[in-house]
Amino acid sequence: MSNRNIGFVGLGAMGLPMAINLVKGGFRVSGFDLDPKARQALVQAGGTEAASAAQAAQGAGIVITMLPNASHVKAALSGADGILAALGEDAIFINMSTILPQETDAIAAMVGQHKRRMLDAPVGRSAMEAQRGTLLILASGGAQDKEAAREALLCMGNQIIDCGEVGSGSRVKVVNNFMGISLNALTAEALTLAEASGLSVELALEVMRGTIAGLGHMNITYPNKVLRGDLSPGFQVDLAHKDLGLALEMAARANAAVPMGAAAYQSYTAARAQGRGGQDYSAIYPLMRSMAGLPEELPYKVSTPLNADPFGAAAGKKAER
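The name given to the protein chain in an unreviewed UniProt entry is Gamma-hydroxybutyrate dehydrogenase, and the organism recorded there is Bordetella genomosp. 13.

J.: Which residues make up the domain arrangement of the protein chain, and what values do they have?
T.: Note on interface size: it is often stated as the accessible area lost on association of the parts. Split into domains, the protein chain comes out as domain 1 (5-165) and domain 2 (172-311). Each side of the interface is counted separately: domain 1 has 18 residues, and domain 2 has 14 residues. Interface area, domain 1 with domain 2, both sides summed: about 1,300 Å², of which 62% is carbon and sulfur. In terms of surface lost to domain 2, no three residues of domain 1 exceed Thr98, Leu100 and Gln102, which account for 37% of the buried area on that side. The interface formed by domain 1 and domain 2 holds 0 salt bridges in total. In this structure, the connection of domain 1 to domain 2 is made through 4 residue pairs in polar contact (both at pLDDT 80 or more). A total of 4 residues in the side of domain 1 that touches domain 2 trace back to one element, the largest contributor, which is helix H6 (residues 127-132).

J.: Help me get a handle on the UniProt feature "active site" (unreviewed entry) in the protein chain, residues and values and all.
T.: Per the UniProt entry, the sites bearing "active site" (unreviewed entry) are Lys173 in this numbering. Mapped onto the elements, lysine 173 comes out in helix H8 (residues 168-196). By relative accessible area, lysine 173 is classed as buried at 6%. Contact partners of lysine 173, with chain neighbours within four places excluded, come to Thr98, Pro122, Val123 and Leu138. Side chain to side chain, lysine 173 and threonine 98 meet in a polar contact 2.6 Å long.

Criteria and cut-off values
- Once a new chain begins, its residue numbering starts again from 1 and follows that chain's sequence as written.
- Confidence filtering applies because this is a predicted model: local features only for residues at pLDDT of at least 70, side-chain atom pairs given and counted only at 80 or more, and all residues used for totals across whole chains, interfaces and linings.
- Think of the side-chain values as coming from all heavy atoms in the structure, minus any hydrogens and water.
- For each domain, the first and last residues come from an automatic or database assignment.
- Contacts between residues were defined by any pair of non-hydrogen atoms, one from each residue, lying within 4.5 Å.
- Buried area is understood as the total, over both parts, of accessible area removed when two parts are fitted together, assessed with a 1.4 Å probe.
- A pair is scored as a salt bridge if a Lys or Arg side-chain nitrogen falls within 4 Å of a carboxyl oxygen belonging to Asp or Glu.
- Under this definition, polar contacts are N or O atom pairs within 3.5 Å; protein pairs additionally need one hydrogen-donor-capable and one acceptor-capable atom, and for neighbouring residues in sequence, both atoms have to be side-chain atoms.
- Helical segments are the DSSP runs of H or I of at least four residues, strand segments are the runs of E of at least two, and each set is numbered from the N terminus.
- UniProt positions are given in the numbering used here, feature names are shortened, and annotations may be inferred rather than shown by experiment.
- Only protein chains enter the accessibility calculation, which uses a 1.4 Å probe. A residue is then buried if its area is under 20% of the maximum for its type, exposed if over 50%, and partly exposed in between.

Following this line, the structure appears as structure tokens:
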């Protein structure tokens, strides 16, 4: 068994480019996904196709899951065709999916019952960074396991943040997504309010780019997506809805009041009801504009993306914290 052999389960919009970057990094990657086209895409990139999660895990020093939700992770681990049926004693299981922290805790307990090792390492940033290998990786688990997985993780990301023990990665990921996703809805409301009040979008952008309000979505997400007329998914409305739901459930369990997050969740629910679930999450802006009775055509589009590569070469060489 070698850490150069990696099993990868979940070859979706994030998982496939992550697995391909591992191949590019010199790892031998065996991948499994229910979609045969995804498996073939990995083969074309130099990986190998597995017929089951267990086969992907056979002989692997590291096995990674990147799946939509906790039930998929549990299914990939369980049964005769599951990862735990084939995971070696010295292998490391890494879940990189974004799931509820309590589910991470339950999965860690399941893995522990089989006397196997686990890292919880969800990722920040979008599918674009997954393709470039510039994800932010929130690694939690044992120090030795994080060190053993470091080279593989740095094939998929350019920064690793040590989040402590297993489960902390999931928790900070949900908190991070709660803030980012909630601020996205607020951005749409602010631009809509400006226009509905008789102001130009150009003026609103000029003012808010010079304040804290514009240092996030206004500076990167919106000028590069919705304000260019581009709603192709960098981060889908459906995923934003799912991740914000995780944050709200975590807050409820902790008796934390999050009224803005709860309100933002309804915005994403409304976007899905309009059939925008597969669009980029900046599609909240045209949703809010339509609710205000504004015309469908945006009054302003940027011609050149701003800060188009905020996490790429300008950020320097691959680094760790």
